[in-house]
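The lines below spell out each chain.
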Amino acid sequence: MIKDLEQIKEFALQKIKEAESTDILEQIRVEFLGKKGKITEVLKKLGSLLPEERPKVGSIANEIKEIITNNIQKQYQIVLEKELQKKIEKEQIDITLPGRTYGNGHMHVINQVMNEITGIFIQMGFQVATGPEVETEYYNFESLNTPEDHPARDVHDTFYIKPGVVLRTHTSPVQMRVMEKTKPPVAVIVPGRVYRVDNDASHSPMFNQMEGLLVDEDVTFADLKGTLMYFVHKFFGEDTAVRFRPHYFPFTEPSAEMDISCTVCKGKGCRVCKHSGWLEILGCGMVHPKVFQYAGYDNEKYQGYAFGFGIDRMAMLKFAIPSINLLFDNNLKFLEQF
Amino acid sequence: MKISLNWLKEYCNFSVSVNELAERMTMLGLEIESIEEPGKEIENVFVGKILDIQPHPQADKLVVCKTDIGKGEPLQIICGAKNMKVGDKVPTAIDGAILPGGFRITRRKMRGIESFGMMCSGAELKVEEDSEGLLILHPDAPLGEDIKKVLGLDDVIFEIEITPNRGDWASYIGLARELSAYYDIPITLPQIKFSEIEKTASSISSVTIDCPDFCPRYAGRVIQNVKIAPSPDWLARKLISAGQRPINNIVDITNFVLLETGHPLHAFDFDKLNENRIVVRLAKEGEQIRTLDGELRTLNTSQMVIADAIKPQALAGIMGGADSEVDDNTVNVFLESAYFDPVSIRRTARFHNLLTEAAQHFQRGADPEMVTWAIDRATSLIQELAGGKVLKGILDEYPKKIQRKNVKLRYERTKKRIGIEIDKDFQRTIILKLGFSVKEENEKEVDFIVPSWRHDVSLEEDLIEEIARFYGYDKIPNTLPKIRQSGAVFDTAFKKVNDIRTLLVHKGLTECYSWTFSNPEIMQQLNFPENYLNMVVLQNPLSKNLSTMRTSIIPDLLTTAQKNHLEDTISIFEIGPVFLPTEQNLLPDEPQKLGILLSGSANPRLWCYNDRKQFDFFDLKGIVEDILNELYIPYRVEKSDFPLFHPGQSMKITNQNEELGIVGKLNPKIAHELEINENTYISELNLNKILCVTPKKKIYKTISEFPSTSRDLAILVDRSLPVSEIFSSLKSVGEGMLQKIELFDVYTGEQVPHDKKSVALGFTFCSNEKTLTDNEIDSVMKEIISTLQKKFNAHIR
């Protein structure tokens, strides 16, 4: 019987050695160690032995059982390693294939820029205000110190709806609407569509502006300059030069226009900046006392600044878009670039 | 406005470079549009005199000239022009000369005969648009002189944009005044020199002002026996430098004085004035005048005319009349210099759409105290250039004296407004240099008298601007303000709308941005319901198809789909206002709407997608529901009958009977008409209404510790039964144990009768208190089955 066991052992170890897969090893385990396995079969016959032989044969059988188990385990590790290695080799993919996606969409470039700009001002402490696009002449002109016979109305090329009602020509009327709603301090920015009777390569009858208004007790022209410089540096980059030139707007005094160094030639002079090195991008000034009078603000106590600029122009400069008409043409080949 | 540097220097002789001057003007508020140096490129072109012209032996169209350029031997020059004769002086480019555009002139043979230069036309020197033949110079032009000097090309022309508040800048003297104040150089005004005869103007003429509010001041002079002739070269060149065309000496002088002083003048043919007198009055209703541009204009009683005893002879301050025009036969002249009310000029000029140079000057406010200086300056020039006898005295009617204003400056307010301490003396000196004078003053404040030409200054802030300008905006520091809020909130939708925009972009949609104009025809063509045709109408639209404001975004989306019809996939949206007129309000409602359009392939052509699925209704419904769910908005959907949509694939979204939006397939008939993909799906949501709905509350629900169990069920029901009814019928079943129902299949086809559909549902059961037993779940399933059988006659499959 001991002999039988030894034979079984040799046989098993040979088989284990030759096993090449974990499946075969499992079969071997069942074949030799399972409930109906060869070792078990032998042990079942233990009862036919003399009582004094039984312990010896039993312990040899257990020994062999252990040896087989250990060998299976060892071989299992080796085979498993090989198998995983094979699997890994089989699972090589071309990682340069494009990922599975329906693709992201594209926010319109105007709104991308609008978000960036509002973000800068909101971070500074401004809040967003909005107002109607069909507006009364009172808010669009009169309350902004631009009475009916004012020459400044000429530059606005207004769309008229009915007596006293126009399409707003700028976002400034929201200034008055905001000031009517609250006493100072006021700190708002106003993004929105505006309209002028103008349609050619560089003008669109509808375009977008951003207005800013700050009113408090100690707001100065220096604050205006500082705020706008901060904005330009955030939006166009720290290396952008800024200059303020005196200008005229009926609703601010003193008034200024702001230029930035040309984003194309960096101030050296090119076609985009008409060889001046500067790009005019913004109008601003200290709120005119007459505007405060309309708002019911005390001009002796409060001071404010206001500014306004074209969002489309900012987008065009930032992304080198050559014509404003591209912005409103809804050509997917354009929209999907941004 | 075009400004010649040479001319400007006649009034204020500053010696700074062109760049420094341009920079300075810019920083004073004079916007430089362009700087041109007309003669910059020209080299070696001189005044030559033609001594001889002979035919070219080898060419019919050429001649051989001998031209003297004042030095050396006369040059032999071959020329193709015909307009010159022996003795003419012409611009002559010698060997090595350079013309505008960089053209180099060299000695060369033309048909066998050598040519040692070129005689030039006006166009070749860029002093005329186009030329026929050579530019024949004035006989007095000095032989051999550099042509740039003779033609005034050694000049710099600034194109300056004048802001509407500074009418006083729109003249040479006005600009000189500003620069003289900055550079602290005195201003030089031209000498006025003429002689008057004994006879007085008032003895043969008179001025009457009937409307002093419209015309506070009117002055006239009579000059007899003038000789109408072309203007001398210097005068003509000056007008040309300003972009004007010389006419005759008298008219040119009035235009010249306008450029010089900013004060418009007018010359009448004195003999064409009935009774030789002037009446400034308002027009009679329906009265007519033929203006210098040949138009017959009908006037009304708010428009001011310069009339004689009988009829209007000029549209006051805007344009003269044709009947009293100065022409070649004019002998006696009545010269007008006046101050008109800016508003009246502006209204009349706009009425007739006649914004002439004169009107532009008067509407910005002329200088009432310049009236007599300007008329005398013109008189002096007329006598010099056209001869004539000046009758004694100015007919100067000034019924409504324009008082000079006074404005107070408190020195400390400058710092308060500008943000930097500026020395008191500096402040005071600047204002004085600008022509103001002191009425009263003390340590803290000055009361300044405003000069007659500064209509823009009436407040302390205006003075502070002057100080800031001269101090230099660039020297004012840049500081960051403390920014405070009052607590008032002005917009609640901006961020939420932007979140929706971002959500849609992340879902793969691309945002459009359209003009908000529309027109009623397109709305009718697209079969929109009647209420969409109630539109905001523009009085002055750019064109008929942009004549109203839109009431829906859908037409814009369809236009975009048409434009991009070659694309495989169109999945776009737009957010923006629509404009809805209301009965009760002056202004329309402007709700923000969201329009979405899906058309074509739902997935890209990519290696990992086997088929190109086309978009269907549920792609769009899913997007819309995701938006509403993201916002926690409770809503219901119902079938709808929006006429633009496919009648079988059209729904509306409501909350408490308020319609929030619509979703549907574009009606195939309309798709065919528009020639766009038939599989086009459209939604329009009213974001204002959606953002007004109270969102569902977000509250924590207990997560059960006990395992859940699932059971599936497939039933056959009528094909027309809305699945939503199955769901709502099971709402109260199961005493809280039924946690979730999934709809995992809907099938119609061969396997089921044609009027039935198979609906497969997955139920998940769970309790927070215990592990549910099979018996408990079985009894709920029984309840579900009997409910479905009873309500929908459902067959269990």
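Residues numbered from 1 in each chain as written. Chains lettered and ligands numbered in written order. Predicted model: local features only at pLDDT ≥ 70, side-chain atom pairs only at ≥ 80, totals over all residues. Heavy atoms only, no water.

S.K.: Please clarify how the pattern of salt bridges should be interpreted in this entry.
M.R.: Pairing is possible between side chains that carry opposite charge, provided their charged atoms lie close to one another. Residues and elements named next belong to chain B. Counting across every chain of the model gives 62 salt bridges over all chains. Arg 166 is the partner of Glu 178 in a salt bridge, and the nearest nitrogen-oxygen pair spans 3.3 Å. One end of the pair, Glu 178, is in helix H4 (residues 172-183); the other, Arg 166, is in the loop between strand S11 (157-161) and H4, with twelve residues separating them in the sequence. Since its relative accessible area comes to 2%, Glu 178 is described here as buried. Among the salt bridges present, the one from Asp 778 reaches Arg 711, with a minimum N-O distance of 2.7 Å. Pair noted here: Asp 778 is in helix H20 (residues 774-792) and Arg 711 is in strand S37 (residues 709-718), with a separation of 67 residues, a long-range link. (Salt bridge = Lys/Arg side-chain N within 4 Å of Asp/Glu carboxyl O. Helix = DSSP H or I, 4+ residues; strand = E, 2+ residues; numbered from the N terminus. Buried < 20%, exposed > 50% of the residue type's maximum accessible area, 1.4 Å probe, protein only.)

S.K.: Would you explain the packing of aromatic side chains in this entry?
M.R.: Under the counting rule described, the total for this entry stands at 39 aromatic pairs over all chains. Aromatic side chains Phe 328 of chain A and Tyr 513 of chain B sit 5.8 Å apart centroid to centroid with 50° between the ring planes, which places their arrangement in the tilted category. Pair noted here: Phe 328 of chain A is in the loop between helix H10 (311-319) and helix H11 (332-335) and Tyr 513 of chain B is in the loop between strand S28 (510-511) and strand S29 (517-518), and the two residues belong to different chains. Between Phe 528 of chain B and Tyr 532 of chain B the ring centres are 4.9 Å apart and the planes differ by 50°, which places this aromatic pair in the tilted class. A relative accessible area of 6% means that Phe 528 of chain B is categorised as buried. Through successive ring pairs, a cluster of aromatic residues spans Phe 121, Phe 126, Phe 231, Phe 235, Phe 236, Tyr 305, Phe 307 and Phe 309 of chain A. Just above the ring of Tyr 139 of chain A sits the side chain of Arg 177 of chain A; from NZ or CZ to the centre is 4.2 Å. Directly above the aromatic system of Trp 453 of chain B lies the positively charged group of Arg 177 of chain B, at a separation of 3.7 Å from the ring centroid. (Phe/Tyr/Trp six-rings, centres within 6.5 Å; stacked < 30°, edge-to-face > 60°. Lys NZ or Arg CZ within 6 Å of the ring centre and 35° of its normal.)

S.K.: I'm lost on the interface of chain B and chain A in this one. Help?
M.R.: Interface extent is often summarised as the accessible area lost during association of the parts. Counting from both sides, the interface comprises 91 residues of chain B and, opposite them, 108 residues of chain A. Between chain B and chain A lies a buried interface of about 8,600 Å² when both sides are counted; carbon and sulfur atoms form 54% of it. Area buried by chain B at its contact with chain A is led by Arg 417, Phe 490 and Tyr 513 of chain B, which between them contribute 11% of it. Counting across the interface, chain B meets chain A through eight salt bridges. Among the salt bridges present, the one from Glu 300 of chain A reaches Arg 410 of chain B, with a minimum N-O distance of 2.9 Å. Sorting the residues of the side of chain B that touches chain A by element identifies helix H2 (18-28), helix H7 (342-351), helix H10 (411-418), helix H12 (460-471), helix H13 (493-506), S28, helix H15 (554-563) and strand S31 (569-577) of chain B as the ones contributing at least two each. Taken together, the residues that form the side of chain B that touches chain A break down as 43 nonpolar, 24 polar and 24 charged. (Contact = heavy atoms within 4.5 Å. Buried area = accessible area lost by both parts, 1.4 Å probe. Nonpolar A, V, L, I, M, F, W, Y, C, P; charged D, E, K, R; others polar.)

S.K.: Looking at this model, I keep getting lost on the sheet that holds strand S4 (residues 165-167) of chain A. Mind explaining?
M.R.: By way of backbone hydrogen bonds, the strands of a sheet pair with one another, either parallel or antiparallel. Residue and element names in this part refer to chain A. Strand order in the open sheet made by the three strands is S2-S4-S3, with antiparallel pairing throughout. Unpaired on one side and paired on the other, strand S2 (134-136) and strand S3 (160-162) mark the two borders of the sheet. Each strand axis lies, on average, 35° off the axis of its neighbour in the sheet, ignoring direction. Where S3 meets S4, two bridges bridge the pair, whose relative direction is antiparallel. Within S4, the residue paired with Tyr 160 across the bridge is Val 166. (Pairing = 2+ DSSP bridges. Axes fitted to C-alpha atoms, helices over the stretch in contact; angles between N-to-C directions.)

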